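Fold and geometry: a report
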Amino acid sequence: MDEMIENYNGNNIIISDVSLNNDKHIKLLRGFEVDESGKKKYMRNVVIMVEDEFITSNVADTMIFKEELALFNFGDKQNKYLFPSSRTIEQKKANSLDLKLRDGKVIHITRSEARAMIELWKMAFKTYTFSRLLEFEKEQTLETWTVALEANGYLQLSE
Amino acid sequence: MYIAIIVILIFALIIYYTSKIGVDDEQEIEPENCIQDRVPQPETSKEVVLYFNTDMVKFAFYHVHVLLNYQSRKFYKKVVVDKLFLDEPFHTTFIQLLQIYDHTESWIKSQKTKEIKLKIRTKNGSFQEGTSFKVYSISEIIFDFLGNILEHFDNNRYSKNDQKNVILAALAWKLDLVMELKYLCEKDLNCIERRECLGNKILKHHEKNHDVFQILRMLEARHEKLLFVFEAYEKALKWQREYPYVQKDKEQHKNIHLENLVTKNSKKLISLDAF
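Notes on the structure in this doc start here. What you see is a predicted model; the values in this text were computed from it and never measured.

Conventions adopted
- Residues numbered from 1 in each chain as written.
- Chains lettered and ligands numbered in written order.
- Predicted model: local features only at pLDDT ≥ 70, side-chain atom pairs only at ≥ 80, totals over all residues.
- Helix = DSSP H or I, 4+ residues; strand = E, 2+ residues; numbered from the N terminus.
- Buried ≥ 20, exposed ≤ 12 C-beta atoms within 10 Å, placed from the backbone.
- Contact = placed C-beta atoms within 7 Å.
- Pairing = 2+ DSSP bridges.
- Axes fitted to C-alpha atoms, helices over the stretch in contact; angles between N-to-C directions.
- Nonpolar A, V, L, I, M, F, W, Y, C, P; charged D, E, K, R; others polar.
- Parallel < 35°, antiparallel > 145°, perpendicular 65-115°, else oblique.
- Left-handed = near helix turned anticlockwise from the far one by under 90°.

**Observations concerning the overall build of chain A**
- On a plain count of helices and strands, chain A comes out with four helices and seven strands.
- Counting from the amino terminus, helix and strand elements in chain A follow one another as β-β-β-β-α-β-β-β-α-α-α.
- The burial tally for chain A puts 28% of its 159 residues in the buried class.
- Across chain A, contacts joining residues at least 24 apart in sequence account for 41% of those joining residues at least 6 apart.

**Description of the sheet that holds strand β7 (residues 106-109) of chain A**
All names here are of chain A.
- As summarised here, the arrangement of the three strands in space is β5-β6-β7, forming an open sheet in which the pairing is antiparallel. Only two strands of the sheet have a single neighbouring strand rather than two, namely β5 (82-89) and β7. The sheet shows a mean angle of 45° between the axes of neighbouring strands, taken without regard to direction.
- When strand β6 (residues 92-100) meets β7, the two strands line up antiparallel, connected through four bridges. The residue bridging Leu-97 from the neighbouring strand is Ile-109, located in β7.

**What about the interface of chain B and chain A?**
- Each partner contributes to the interface: chain B provides 20 residues, whereas chain A provides 21 residues.
- Every element with two or more residues in the side of chain B that touches chain A is listed here: β3 (116-121), β4 (127-137) and β5 (243-247) of chain B.
- In terms of residues, the side of chain B that touches chain A owes the most to one element, β3(B), which gives six residues.
- Its residues assigned to classes, the side of chain B that touches chain A shows seven nonpolar, four polar and nine charged.

**Examining the pairing of strand β2 (residues 26-35) of chain A**
All names here are of chain A.
- Note: strand β1 (residues 13-21) against β2, eight bridges, orientation antiparallel. Opposite Ile-15, over in β2, you have Gly-31 as the bridge partner.
- The hairpin formed by β1 and β2 contains four residues between the paired strands, and His-25 there has a positive phi angle of roughly 55°.
- Two strands pair when backbone bridges link them, and β2 and strand β3 (residues 40-50) are joined in this way by ten bridges, in the antiparallel orientation.

**Some points on unusual backbone geometry**
- Cis geometry marks the peptide bond from Glu88(B) to Pro89(B), where omega comes out at 0°.
- Among the secondary structure elements, Pro89(B) is positioned in the loop between α2 (70-83) and α3 (90-103).
- In this model, Gln91(A) sits at a positive phi of 60°, which is unusual for a non-glycine residue.
- Turning to its location among the elements, Gln91(A) is positioned in the loop between β5 and β6.
- The class for Gln91(A) is exposed, based on 5 C-beta atoms found within 10 Å.

**Examining the packing of helix α4 (residues 138-155) of chain B against helix α5 (residues 160-173) of chain B**
Residue and element names in this part refer to chain B.
- Two elements in contact, α4 and α5, have axes whose closest approach is 11 Å; the angle formed by their N-to-C orientations is 160°. Taken together, the axes of α4 and α5 lie roughly antiparallel to each other. With respect to the hand of their crossing, α4 and α5 are arranged in right-handed fashion. Note on element contacts: α5 touches α4 through Gln-163, Val-166, Ile-167, Ala-170 and Leu-171, opposite Leu-146, Ile-149 and Phe-153.
- In terms of residue class, the contact of α4 with α5 is made up of seven nonpolar, one polar and no charged.

That is the geometry; function is a separate question.
So this is what it looks like as structure tokens:
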């Protein structure tokens, strides 16, 4: 499965997204490299995108995001992306994870949503191998990401 | 006896009438002949082909190499060489405007783009932020815009002076899109004042009461007679190619210095064949 193919640093990365939560627009973007000769797909990068904003940019950061989701309110203020908080909804206390975006908007993730996202996460990686992702994770710059996003139609206004 | 006299009379009458009819016919024919004599029939014109030795006829043109883009070269040929708009100060101002749009790397944001905010961890571990979206290239828009205006001139009749003034005014009107010229004017100007300031700097060879300035004012007021210019611009935007672009926090533009543009003295005598 993991025979050596050239560590190609071009822009032929195909991005496919898994929608982890539709209401809150949380997506898992997976960058695939396609080996045409062997007709195989290799995962080269995994990031989290919320609304039109990148939250993480490499595998290590994305794994932190996933673990913070899994911990839910067992996490604390040392968390990097998701912060446990409690709100009162209809005079009852409710726990949630808060995700702050760059423009100040706060997204609240409930416990069930977090669990569903973890399940989807597992499904999204089920048939793929991680060895190539860890060995040759694609180091991308702002420019290469922009070109890849444009090539895969992410910059197109869908409405 | 009587019969013989009657017969003779009848003969005499017949001869008299026949002779009279003949005279009438002749009288009718005469004026026709006169008219034919007076008005000569048009002669079938022969085609006259004149051969000019175009190697010998030379005009003062700018060398094409001062322009970088093939499109600006095409428009220089289309406007100055084909239409022979050689008079000053139109010629110099036109090529200076072409040079500005040739050198510019400015862009405007596409109408059909989504913005994605990126945050990338670099090799050092530090973060780099940026926003990616799709943009139109200003030089491509302007060259399409100019093409549309010239197409309108081909289909409708405009005097030479009007054509020249509209071309200059339309190009000067869009100068505020060129970020490389931003340094020329003060920062706290609104868009109309900035356009006026840039127009004055570029059209410095024209007198203040020249028609170009009048057309610029008409463009600002969106005059009815110049609606085709707005249509040409919108048409150019509609079919424009989009490019991916990432905007980082700090953006710097190279300034285009007006002193580096061509001047009247850099013209050379070039034959029409060279284009």
